[in-house]
Structures are given as C-alpha cells and as structure tokens.
Amino acid sequence: MPRTTVVTEGPGAVAQRAGVLVALRHRQYRLLFCGQVLSGCGDWIDYVALVSLVAYQWRAGAGGLAAVAVAVAVPWLVVAPVAGVWADRLPHKSVMIGSDLTRAALVLCFLTAPGLPVLLGLLAVKTAAGTLFMPAQQSAIRGAVPEGALLAATSLNTFANQATKIAGPALGGLVLSLAGAHGAFAVDAATFVLSALILSRLRARPKIRKRTAAAGARAIWSKGFRHELREGLSYVRRSRPLRTAIACLSATLFLVLMFDTLSPLLLPELGLPRSLYGAAVASVAVGAAVGSVAVGHLGRKQGPFTILGASQAATGLLVAAVGVAATVGVRIAAVAWLPVTVGIGFCSAGILVVFGYLVQRETPPELIGRVSTVAMVVPTALQLAAPLAGAALATWVGIGWVLTAAGGGLALLGGVCLTPRRRTAAAFTTTPGTESSPHELGRTHGTAQEIRIRCTDAQMRGCADSSHQGGK
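The numbering scheme is per chain: residues are counted from 1 as the chain's sequence reads. Where local features are concerned, this predicted model is filtered to residues with pLDDT of at least 70; where side-chain atom pairs are given and counted, the filter is 80 or more; whole-chain, interface and lining totals use all residues. To obtain the side-chain values, all non-hydrogen atoms of the structure were used and water was disregarded.

Caption draft 1: Structural view of the overall build of the chain. Comment: elements are numbered from the N terminus, with helices defined as DSSP H or I runs of at least four residues and strands as E runs of at least two. Scanning the chain from N- to C-terminus turns up 19 helices and 0 strands. By residue count, 49% of the 472 residues in the chain fall in the buried class. Any two residues whose heavy atoms approach within 4.5 Å at even a single point are treated as in contact. Within the chain, contacts between residues at least 6 apart in sequence are counted, and of these 85% link residues at least 24 apart. For the chain, the accessible surface area stands at approximately 21700 Å², while carbon and sulfur atoms represent 68% of it. Partly exposed residues are those whose accessible area sits between 20% and 50% of the maximum for their type, while under 20% is buried and over 50% is exposed, using a 1.4 Å probe and protein chains only. To be clear on the numbers: accessible area is Shrake-Rupley with a 1.4 Å probe, and residue cover counts the displayed protein chains and nothing else.

Caption draft 2: How the structure looks around the packing of helix α6 (residues 116-144) against helix α7 (residues 150-199). Between α6 and α7, whose axes approach to 11 Å, the crossing angle comes to 150°. As the angle between them shows, α6 and α7 are arranged roughly antiparallel. Handedness of the crossing formed by α6 with α7: right-handed. Contacts between α6 and α7 involve Lys126, Phe133, Ile141 and Arg142 on the former and, on the latter, Leu150, Ala153, Asn157, Asp188, Phe192 and Leu199. Classes in brief: Ala, Val, Leu, Ile, Met, Phe, Trp, Tyr, Cys and Pro nonpolar; Asp, Glu, Lys and Arg charged; the others, Gly included, polar. Looking at the contact of α6 with α7 residue by residue, the class counts come to 6 nonpolar, 1 polar and 3 charged. Every axis in this analysis is a line fitted to C-alpha atoms, fitted for helices over the stretch in contact. Angles between the N-to-C directions lie between 0 and 180 degrees. Oblique is the label for any angle not under 35 degrees, not over 145, and not in the 65 to 115 range, which are roughly parallel, roughly antiparallel and roughly perpendicular in turn. The sense of a crossing depends on the near helix, which, turned anticlockwise from the far helix by less than a right angle, makes the crossing left-handed and, turned clockwise, makes it right-handed.

Caption draft 3: Geometry of the nonpolar core. One finds Ala23, Tyr29, Leu32, Met96, Val145 and Leu199 to be the most contacted residues of the largest nonpolar core, which totals 30 residues. Going through the elements one at a time, α2 (27-57), α5 (92-110), α6, α7 and α14 (338-362) are the ones with two or more residues in this core. Discounting chain neighbours no more than four positions away, the residues touching Leu32 are Met96, Gln137, Ala140, Ile141, Ala144, Leu199 and Leu202. Throughout, nonpolar core names a set of buried Ala, Val, Leu, Ile, Met, Phe, Trp, Tyr and Cys residues whose side chains join them through atoms within 4.5 Å.

Caption draft 4: Spatial organisation of unusual backbone geometry. Not every positive phi belongs to a glycine, and Arg59 is a case in point at roughly 50°. Relative to the helices and strands, Arg59 is located in the loop between α2 and α3 (61-78). Look at Arg59 and you get exposed, because its relative accessible area is 70%.

Caption draft 5: Highlighting the pattern of salt bridges. By definition, a salt bridge exists where a carboxyl oxygen of Asp or Glu is found within 4 Å of a side-chain nitrogen of Lys or Arg. Evaluation of the coordinates by the stated rule reveals 8 salt bridges. A salt bridge links Asp100 to Arg103, with the nearest nitrogen and oxygen atoms 2.8 Å apart. You can see Asp100 and its partner Arg103 sitting in helix α5, 3 residues apart, about one turn around the helix. The class for Asp100 is buried, based on a relative accessible area of 0%. According to the relative accessible area criterion, Arg103 is buried, its value standing at 8%.

Caption draft 6: Geometry of the environment of Val324. Note that Val324 resides in helix α13 (residues 304-328). A residue is classified by how much of its surface remains accessible, and Val324, at 41% relative accessible area, is partly exposed. Along the backbone, Val324 and Trp401 are 77 residues apart, and their C-alpha atoms lie at a distance of 7.3 Å.

Caption draft 7: Up close: a positive patch on the surface. Patch membership requires more than 30% relative accessible area and the absence of a salt bridge. Residues of like charge join within 9 Å; the nonpolar side chains Val, Leu, Ile, Met, Phe, Trp and Tyr join within 5 Å. We score Asp and Glu as negative and Lys and Arg as positive, and we do not count His or the chain ends. Lysine's charge is taken at NZ, arginine's at CZ, aspartate's at CG and glutamate's at CD. Where like charges cluster on the molecular surface, the positive patch consists of Arg27, Arg30, Arg201 and Arg203. Inspection of the secondary structure assignment puts Arg201 in the loop between α7 and α8 (213-220).

Caption draft 8: Broad picture of the environment of Ser94. Structurally, the position occupied by Ser94 is in helix α5. Take Ser94: its relative accessible area is 48%, and that puts it in the partly exposed class. As a C-alpha pair, Ser94 and Leu199 span 105 residues in sequence and 9.0 Å in three-dimensional space.

Caption draft 9: Main features of the packing of helix α4 (residues 80-89) against helix α15 (residues 368-397). At a closest axis distance of 7 Å, the pairing of α4 and α15 adopts a crossing angle of 165°. With respect to α15, the axis of α4 lies roughly antiparallel. Here the hand of the crossing between α4 and α15 comes out right-handed. Contacts between α4 and α15 involve Ala80, Pro81, Gly84, Val85 and Asp88 on the former and, on the latter, Ile368, Gly369, Arg370, Thr373 and Val377. Tallied by class, residues from the contact of α4 with α15 come to 5 nonpolar, 3 polar and 2 charged.

Caption draft 10: Layout of the confidence of the model for the chain. Looking at any residue, its pLDDT shows the predictor's confidence there, from 0 to 100. Taken as a whole, the chain shows an average pLDDT of 79; of its residues, 81% reach a score of 70 or greater. Predicted confidence is poor over residues 1-17, with pLDDT under 50, and the contacts of this stretch with residues over four places away or in other chains come to 15 contacts. Across residues 421-472 the pLDDT falls below 50, and counting only partners more than four positions away or on other chains, this stretch makes 69 contacts in the model.

Caption draft 11: Fine view of α7. Helices are assigned an expected span. That span is 1.5 Å times one less than the residue count. Here α7 contains 50 residues, and its C-alpha end-to-end distance of 20 Å is more than 12% below the 74 Å for a straight helix at 1.5 Å per residue. The angle between axes fitted to the seven-residue stretch ending at a residue and the seven-residue stretch beginning at it gives the bend at that residue. The sharpest bend along α7 reaches about 125° and sits at Ala179.

Caption draft 12: Spatial organisation of the side chain of Arg361. Mapped onto the fold, Arg361 is located in helix α14. Residue classification places Arg361 among the buried positions, given a relative accessible area of 3%. Among the polar contacts made by the side chain of Arg361, one reaches the side chain of Glu362 at a distance of 2.4 Å. What qualifies as a polar contact is a pair of N or O atoms within 3.5 Å, subject to a donor-acceptor requirement within protein and to the restriction that residues adjacent in sequence count only when both atoms come from side chains.

Caption draft 13: Summary view of the side chain of Thr404. Tracing the sequence through the fold places Thr404 in helix α16 (residues 399-417). The contacts of Thr404, once residues within four sequence positions are left out, are Ala320, Gly323, Val324 and Thr327.

Caption draft 14: Spotlight on the packing of aromatic side chains. We call Phe, Tyr and Trp rings a pair once their centres come within 6.5 Å, taking the six-membered ring for Trp, and we label the pair stacked below 30 degrees between planes, edge-to-face above 60, and tilted otherwise. Enumeration according to the criterion identifies 3 aromatic pairs in this entry. Relative to Tyr47, the ring of Trp44 has its centre 5.7 Å away and its plane inclined at 80°; by these criteria the two rings are edge-to-face. Of this pair, Trp44 and Tyr47 both sit in helix α2, 3 residues apart, which is roughly one turn of that helix. Given the relative accessible area of 44%, Tyr47 is considered partly exposed. Their ring planes at 80° and their centres at 5.3 Å tell us that Phe110 and Phe185 sit as a pair that is edge-to-face.

See below:
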C-alpha cells in the first residue's frame, strides 16, 4: 500500500507568503500600530511648534535650537538603560498608557512655559517619559506577533515612522498656521490621550517572570536593580549578532549624521534653491517608507546581514555621488535629483528594519526592554558627536567632500558586511523560512535554529558548517 506524505507549512512559510501585512492580522499588533501612528504624528506636530517657538517667537537662534536637540538626546543616554529595567519589570500595557498620559500632561505644560530654560526642562522630562514607552512597546510587539511575523512587524514600524515624518510636519505646519504654537501643543497632547485610549484596549498579558512577594520586594532595592541592568548589558556582550548590529548602526548613524545636519547648506552647492529642502526631506522619507515595505515582503529570502550590507553599500554610493556632484560643480535640474533622494531613503530602510528585527529576534522576551534601550545608547551618543565632526570637516574641506567621505565610508562598511564570512555567520544565525516560535524549537531537530541554541560564541565558527549539514 503506498504511503501518503502530508506536507504542512510552518509559520515562517505562511508569513513569507502573506508578506508585510501579516502582522496586521493580529489584533494586539494592530492596536500598537495605530497608537504608534497617532503619537508619531503628534511628535512631529510638537517638533514643528517647538522650532517655531524657539527660533521665530523667542529668537533664540542656533544656540536655542542646539539646546533643544541636547534636551532630547541626553535623557536617552542617562535614563534609557534604567527605563529598560522598569519596562521589563512592569506590565507593558500600564507602562505605555502611563507614559502617554504623562507626556500629554507635560506637553500641556509647554503652554505655560515663560522662557527657554523652563521649556527645555519640560522637554527633557517628556523625553524621559518617552524612554519608558519605547522598551515597553518593543516588549509588547514581541508578544503580539509570532516569531515568523517579527520581520513584518518591524518593517511596518519603520514604515509608520517614515510615513509620520511625511505627514506630521505637513500637519504641524497647517496647525501652526491656524492656531499657532500653543494650538499645536494642544493637538500633540490630544494625540497622546487618543493613543492611551487605543492602548487601553490591549489584552493584559501575564508577566514572563513570576517572583514571590519577598523576591519582588528585594528587587526594588538597588542591588537587585543593578543586577537586572547588568543582565541586559551582559546579554548584549555575549550575543555576536546583537554586537554586530549595534556596531553597524552606530557607525552608519555617525557617518550619516556627519552630513545630515549640513544638508540645508548642500542645496546651493548643487545650484538648487533653499526652498526645495522640505521637498528633499519628504522624498527621502517616501523612499524609506516604500523601502521598509519592500524589506518586509522580500527580506526573508536573504540573510539579515546581507540586507544590511547591501543597504549600507547602496546608500553610501548614492551619498558619495551627491558629494562628488557638489564638489565638481555639477548643475542639473531639481527633478533629476528626485530618483537619487528617493533611492537614498529606499536603500537606508534596510538598515533600520534589520537593526530592529535583530534586536527582536535575538533577545529573549524577558530581556527585550533592557536590551532595546542598551542597543540605542551608543547610537544616541554618536548623534551628539557626529554633527560637530561634520561641521568641523566641512569648514576645513567643504560640504561636498564631507558627503563623499561619509558615503564612501558607508559603502566600505557595507562591503565588510557582505564578505563571505559575514554572510556565513548570518546564515548560521537564522535560515530563511525556518523561524520557529520558542515552543516549536524542540520539534525542529537538526535546523540552524536548534544548533544556534546549543552553540556558544566561541564555537560559532565551527558550528556554521554543522548548521548547513544539519539542514540538508
């Protein structure tokens, strides 16, 4: 009697066929996504109002705008690692709702700020409250979708960030023209309240780690707190994919931010009017939004570090081409630059999506809050140093050379990620189409996922060959 073979599809194959929209099938994620879009638009409306108030009404000049940037960046360096611990301890739903309502109240306090020092203090506290929201949201996303849909969820998050970068400033300008800075602050506060209402519909999930009452009380004291903070740091140190992803993002951000703050000054170098700056920024954001969707649809067919390296190399070459054009004095019509700016955004999306995906995939659920905040500390610190380095270099050799050097460095970094050794490590870390949820790993004998769990960092190179043999 002939034997009948039944072929079933795992969650990875189903997710791959469904594409980036598979994450939206899950109610929990849909609520998180809607809350992110609302608060993201509100943040950009708030930013437009802040810049208008500081630069035009109070006439604080470049120093005032720099102080605003510092007030936003410093809490991420100081508060974020601590916030990650609390985000892992407390219920994610409560943390996100509390963060939204706190930020709504602080934005309303902007209305009464008598001057720049008070406003900067309120802005720093608001940013600190936001550092609690981000790791709690990352943990909630990890629990909202199966592992096979994590790439789709990360791609949609990046898409939302870029889409709000397009819509938010436009809405901010409209609200600012109709109701002034105070009206924009009120609208921003309303978006936080609406986001909190949406998140209140999330189902509460049981905590991953259960403590006895005595253990919970002891953890409140500094010794337990420091231990949990060290857990996140030590996990990042032990994880080669996380270390590589953080190093790649940090180097990428440093190179990009060397010229990003100089981009308004680049337009005259290319013979273009300064009034096109907003259109240039929007075109980059459009490219990034489309690119994030493309990575979500096609990214599972390639290893994450292959996508990362290709994105860095392509983005770097396009940026270097703009730098060369500015250096040699190329003059072409503005519309001819549109494919370049859209292409820069499209290619850079792979960097952002892969970084978020690797943090989600490589981190145990109970450590997501701590690892995600630790992973952002170094890139945030470089956000403060890179513009200073870029400005100094531009004064010395010119803006065109800054773009040429930064773009060339980014392309070189991408080439390193695309070397065979890096690609082997990426394939070893995960085999496309074989992602499984934790409770399924016990049934996937011989796959790269199972071998990854058995191997230590010291054995990684030797186990790469074993992973290929086991999967055949």
